[in-house]
Amino acid sequence: MISRDPQAGVTGIAARLSPEAFRAEQEALGQCWTFLGFEWQVSQPNDWFRTMLGGRSIIVQRFEKGISAFENKCAHRGFPLRHEDRGSGPLICGFHHWRYNAEGLALGIPECPAQFRVTPREVDARLKRVEIAAAGPMLFGRLAGGPDVSFEEWMGPGLPILKHLAGQVAPSKAIYERVVKANWRYMMDISLDDYHIVAVHPSTFGKDGYLNPDNVHYARFGAHSAYLPGGAPGALDAMAEACARGDYTPHRYRIFQFFPTLIFAIVKIADALGDTYWALTVQRLVPEAHDRTRSISTFFPLAPKPEGGGHKAIQRRLTWPGMLAGFKYYGAKVHNEDNEACEKLQASARLDDPTPYLAKHEERIGWFDDSYRRILAGEEVRA
Ligand code: FES
Ligand SMILES: [Fe+2]
């Protein structure tokens, strides 16, 4: 039995069509803990990178005291502090040389007593701070002012899973980055859709036909969800517990969609020389405009470990680069097929687009829609 309200339309359709609605949506979503990047992007003091959160440009920088993040806007007159995607150096504004510390306080103000008749401490000008949290090497941030939901409450069982799996990988150069002319929701939805694989990925994911519904288990936790093939109710918690104990080893395909924009998957690459090669893929969607999304996927060797000594380890080390290159090629092909479909959806989107009929293998799109509506309404969502 299909329950469907034909008047309801497509969730968040206005934000897919208009810059104003998109801005309001992003403002609200920026208050959710959002994946921003990896700790190794700021491995040394003064290293920084720029990204977007809640529709705003933000900067993440390592100071002697640790990592801080701020809106990329000088407290003096609003000049953007950083103009590139990454770099290294103290946080000094290029307009009048105000200099900021790890708290975002302007402690270096040129000619301060002469110009302002007080000390910098008395001026007390501060950057707008972005709260930061980490799951292993993965950095998350949120804008202030949202619901009082801690990072742990927001992530639930997802936190030990991210910590354990991302915690065992090293920086990887296997990165696939594209700007897609489609709203981020189309891209998130297609990743939550296991029904399109035959039509859109006939030579890869869909080459063996439709998924067997008996083999598909979806788990919902807070605003997030996962696909655990072969799993049963309780499979997610069992995996989280194994990860928390540190003894989870990859044995099945797994994909997790963390609200709003993180896609985290464990994928089998191939069997070779008595080993099964598993990759971790971390995909981040960066909503840049109502009709434009940056998609950044990083592919990591997960198992068997590429390091260590001995004959077997050397063999694995020699095998991994080819495995990863092949996997990146495959990943790029699948992404491109998805991106093309999303661009077509975007190009034809209208305010009165019909309410979707969601199949069993699209169930998670309905869950995502529900979380989206609740979060935009200011509800506190916990996992
Ligand atoms: S605007 Fe940044 S120092 Fe003036
Ligand atoms: Fe797809």
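Computed from a predicted structure; not experimentally measured.

Definitions and limits used
- Residues numbered from 1 in each chain as written.
- Chains lettered and ligands numbered in written order.
- Predicted model: local features only at pLDDT ≥ 70, side-chain atom pairs only at ≥ 80, totals over all residues.
- Helix = DSSP H or I, 4+ residues; strand = E, 2+ residues; numbered from the N terminus.
- Pairing = 2+ DSSP bridges.
- Axes fitted to C-alpha atoms, helices over the stretch in contact; angles between N-to-C directions.
- Contact = placed C-beta atoms within 7 Å.
- Domains from an automatic or database assignment.
- Buried ≥ 20, exposed ≤ 12 C-beta atoms within 10 Å, placed from the backbone.
- Parallel < 35°, antiparallel > 145°, perpendicular 65-115°, else oblique.
- Left-handed = near helix turned anticlockwise from the far one by under 90°.
- Nonpolar A, V, L, I, M, F, W, Y, C, P; charged D, E, K, R; others polar.
- Arc of directions from axis to C-beta.
- Expected span 1.5 Å × (residues − 1).

Caption draft 1: Representation of unusual backbone geometry within the structure. In this structure, the amide linkage connecting Phe259 to the following residue, Pro260, adopts the cis form with an omega of 0°. Inspection of the secondary structure puts Pro260 in the loop between β13 (254-258) and β14 (262-272). Geometrically, the link from Ala303 to Pro304 is a cis peptide bond, its omega value of -5° lying close to zero. Inspection of the secondary structure puts Pro304 in the loop between β16 (292-303) and α10 (310-348). In this structure, Glu111 takes a positive phi of about 55° despite not being glycine.

Caption draft 2: Region of the structure containing the sheet that holds β14. Across the sheet, which stays open at both edges, the 7 strands sit in the order β10-β16-β15-β14-β13-β12-β11 with antiparallel pairing between neighbours. The two strands at the open ends of the sheet, each matched to only one other strand, are β10 (175-180) and β11 (218-221). Neighbour-to-neighbour, the strand axes of this sheet turn through a mean angle of 20°, independent of strand direction. Sheet analysis places β13 next to β14, joined by 5 bridges and oriented antiparallel. When the bridges of β14 are listed, Ile255 appears paired with Ala265. Strand contacts of helix α6 (residues 158-166): β11, β12 (224-227), β13, β14, β15 (275-289) and β16, with the helix running at about 120° to β13, the strand carrying the most contacts.

Caption draft 3: Molecular detail of the domain arrangement of the chain. Here the chain is described as being made up of domain 1 (32-145) and domain 2 (153-376). Spacing between the C-alpha centres of domain 1 and domain 2 amounts to 31 Å. Opposite the 11 residues of domain 1 that make contact, domain 2 presents 17 residues.

Caption draft 4: Molecular detail of the environment of Leu29. Tracing the sequence through the fold places Leu29 in helix α2 (residues 19-29). Judged by local crowding, Leu29 falls into the buried class, with 25 C-beta atoms found within 10 Å. C-alpha of Leu29 to C-alpha of Phe259: the two residues are 230 residues apart in sequence and 9.2 Å apart in space. Excluding anything up to four places from it in sequence, Leu29 contacts Gly54, Pro260 and Ile375.

Caption draft 5: A look at the packing of α6 against helix α9 (residues 235-245). At a minimum axis separation of 8 Å, α6 and α9 run at an interaxial angle of 50°. The orientation of α6 relative to α9 falls into the category oblique. The hand of the α6/α9 crossing is left-handed. Listed contacts from α9 to Pro160, Ile161, His164 and Leu165 of α6 are Met239, Ala240, Cys243 and Ala244. Considering only residue class, the contact of α6 with α9 consists of 7 nonpolar, 1 polar and no charged.

Caption draft 6: Looking closely at the sheet that holds strand β9 (residues 138-143). Taken in spatial order, the 7 strands make up an open sheet running β1-β9-β8-β4-β3-β2-β5, and their pairing is antiparallel. Bordering the open sheet on either side are β1 (34-38) and β5 (86-88), each of which pairs with just one other strand. Each strand axis lies, on average, 30° off the axis of its neighbour in the sheet, ignoring direction. Relative to strand β3 (residues 56-63), strand β2 (residues 47-53) runs antiparallel, the two being bridged by 6 bridges. Bridge pairing links Phe49 to Val60 in β3. Those strands touched by α6 are β8 (129-135) and β9, and its axis lies near 70° from that of β8.

Caption draft 7: Structural detail: the environment of Gly326. Relative to the elements of secondary structure, Gly326 occurs in helix α10. In the structure, Gly326 is positioned 301 residues away from Glu25 in sequence and 38 Å away in space, judged by C-alpha atoms.

Caption draft 8: Broad picture of the packing of helix α7 (residues 184-191) against α10. Remark: α7 packs on α10, axes separated minimally by 9 Å, with the N-to-C direction vectors making an angle of 135°. It follows from the interaxial angle that α7 and α10 lie oblique. Viewed along their axes, α7 and α10 form a crossing whose handedness is right-handed. Residues Tyr186, Met187 and Ile190 of α7 lie in contact with α10, whose contacting residues are Asp338, Ala341, Cys342, Leu345 and Gln346. Among the residues forming the contact of α7 with α10, the class breakdown is 6 nonpolar, 1 polar and 1 charged.

Caption draft 9: Layout of the pairing of β14. With antiparallel pairing between neighbouring strands as the criterion, β13 and β14 make up a hairpin whose turn holds 3 residues. What sits between the antiparallel neighbours β14 and β15 is a turn of 2 residues, in which Leu273 has the positive phi angle 50°.

Caption draft 10: Quick peek at α9. Here α9 has its buried residues at Leu236, Met239, Ala240 and Cys243. End-on view of α9: buried residues confined to an arc of 100°, all on one side of the axis. Positive backbone phi, approximately 85°, marks Gly246, located one or two places after α9.

Caption draft 11: Quick look at helix α11 (residues 363-376). The first and last C-alpha atoms of α11 sit 20 Å apart over 14 residues, in line with the 20 Å expected at 1.5 Å per residue. Residues of α11 that are buried include every one of Arg364, Ile365, Phe368, Ser371, Tyr372 and Ile375, and no others. The buried residues of α11 all sit within an arc of 120° when viewed along its axis, so they share a single face. Buried residues along α11 sit against α2, α7, β11, β12 and β13. Downstream of α11 by one or two residues, Gly378 has phi in the positive range, about 85°.

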